[in-house]
Amino acid sequence: MWWFQQGLCFLPAALVVWTVASFIFAYITAVVLKHVDPLLPYISDTGTMAPERCVFGIMMDISAFLGIATVYVRYKQVEALIDENEVKLQRLNCLGLVLGWISSFGMCVVANFQKTTIFSMHLVGAVLTFGVGALYVFFQTAISLYMQPRVHSRTLYLVRLGVGVWTLCSIISMFISSVIMYSILSGVDVPRKLHWIPGEPGYVAHIISTVSEWSLAFSFISFFLTFIRDFQKINLRAAAVLQSSHLYEWHPAGVASSHQSRPSETSPLLAGTT
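The following paragraphs examine the structure supplied in this document. (Residues numbered from 1 in each chain as written. Predicted model: local features only at pLDDT ≥ 70, side-chain atom pairs only at ≥ 80, totals over all residues. Heavy atoms only, no water.)

1. So, the packing of helix α3 (residues 52-81) against helix α5 (residues 119-147)
Let me state the cut-off plainly: Fitted lines through C-alpha atoms serve as axes, helices being fitted only where they are in contact, and the angles separating the N-to-C directions of these axes extend from 0 to 180 degrees. Where helices and strands are cited, they refer to DSSP runs of H or I of at least four residues and of E of at least two residues respectively, numbered from the N terminus. Roughly parallel means an angle under 35 degrees; roughly antiparallel, over 145; roughly perpendicular, 65 to 115; everything else is oblique. Should the near helix be turned counterclockwise from the far one by less than a right angle, the crossing is left-handed, whereas a clockwise turn marks it as right-handed. Residue contacts are defined here by distance: any two heavy atoms, one from each residue, within 4.5 Å place the two residues in contact. Gly falls in the polar group here, along with every residue not listed as nonpolar (Ala, Val, Leu, Ile, Met, Phe, Trp, Tyr, Cys, Pro) or charged (Asp, Glu, Lys, Arg).
Close contact between α3 and α5 brings their axes to 12 Å; oriented N to C, the two are set at 20°. By the angle class used here, α3 and α5 are roughly parallel. Crossing of α3 against α5: the hand is left-handed. Residues V71, R74, V78 and L81 of α3 pack against Y136, Q140, I143, S144 and M147 of α5. Taken together, the residues of the contact of α3 with α5 sort by class into six nonpolar, two polar and one charged.

2. Some details on the packing of aromatic side chains
The following threshold applies: Between the rings of Phe, Tyr and Trp (Trp by its six-membered ring), a pair exists once the centres lie within 6.5 Å; its type follows the angle of the planes, with under 30 degrees stacked, over 60 edge-to-face, and the other angles tilted. Here the term buried applies to any residue with accessible area under 20% of the maximum for its type, exposed to any over 50%, and partly exposed to those in between, with areas from a 1.4 Å probe on protein chains only.
Here the structure, examined in full by the defined rule, presents 13 aromatic pairs. Aromatic side chains F130 and F220 sit 6.3 Å apart centroid to centroid with 80° between the ring planes, which places their arrangement in the edge-to-face category. Placement of F130 in helix α5 and of F220 in helix α7 (residues 203-223) is noted, with a sequence separation of 90 residues between them. You can call F130 buried: its relative accessible area is 16%.

3. Brief notes about unusual backbone geometry
Negative phi values dominate among residues other than glycine, just as trans dominates among peptide bonds. For the bond from A50 to P51, the omega torsion is 10°, close enough to zero to count as cis. For P51, the position within the fold is in the loop between α2 (43-46) and α3. Of note, the amide linkage connecting Q148 to P149 takes the cis form, showing an omega dihedral of 0°. Even without a glycine there, the phi angle at K34 is positive, about 60°. The topology assignment puts K34 in the loop between α1 (10-32) and α2.

4. Observations concerning the pattern of salt bridges
The cut-off we apply is this: The salt bridge criterion pairs a side-chain nitrogen of Lys or Arg with a carboxyl oxygen of Asp or Glu, the two atoms within 4 Å.
The tally for this structure, following the rule as stated, stands at seven salt bridges. In this structure, D230 and R160 form a salt bridge, with 2.7 Å as the shortest nitrogen-oxygen distance. With D230 in helix α8 (residues 228-231) and R160 in helix α6 (residues 154-184), the pair connects residues that are 70 residues apart, well separated along the chain. By relative accessible area, D230 is classed as buried at 15%. For R160, a relative accessible area of 0% corresponds to the buried category. For K193, the salt bridge is made with E200, and the minimal N-O distance between the two is 3.3 Å. One continuous salt-bridge network, built from bridges that share partners, spans R74, R160 and D230.

Here you go:
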């Protein structure tokens, strides 16, 4: 059995690979069509013009779906591993689920509302994706802190903590450089500026900002790589419970009475056990 066939580890792996592919495809297409400069444009800039914005939006919507599924499986796994009297962990786990879903929804917003069309909504999507996403990273890191060494090693906690610090540093760097850039380019429509000339006012701050954005994106995505080994040890299943042996609103003549409700079909990913 291959490693990606064990448990549900294909979910975080697919999330990371697909999202990175979305970034790379949009970047290559935008550069080839000369819609952006080759030297580290904003990720948002690479998904602003047609046709790359169309494919970028679709691919990021799929990433959002994978994110929702991954966050849910993580929630169910932690729920099964902790005791009922561990109230703090239960609360952290529930809040983590909400934050993860909000961050995944933010990916849809940031991909489908381009910065050159509705900048305010694009900014909201970015805050939901990376801001709330950073909170999700730290909530999961806190859960790992309380669960080690009983459930997993201290090394895994330290790795997640390291990725969390990487994410936080990227956010701070991006925020400071963006503020400096906008202050230098006061009066310039920066969201619509897709081409930059080395040496022009605000160029250095722009490059630092774009480097920080790419760093933030990859730090956030890299965090889900730490779920792969955990997800090798979990499978989820759903049971379909029939309430009746027919689908009429009333019991028709000639139809046998329904038997006792019983589970029939099972399928993965909805509810179950580790």
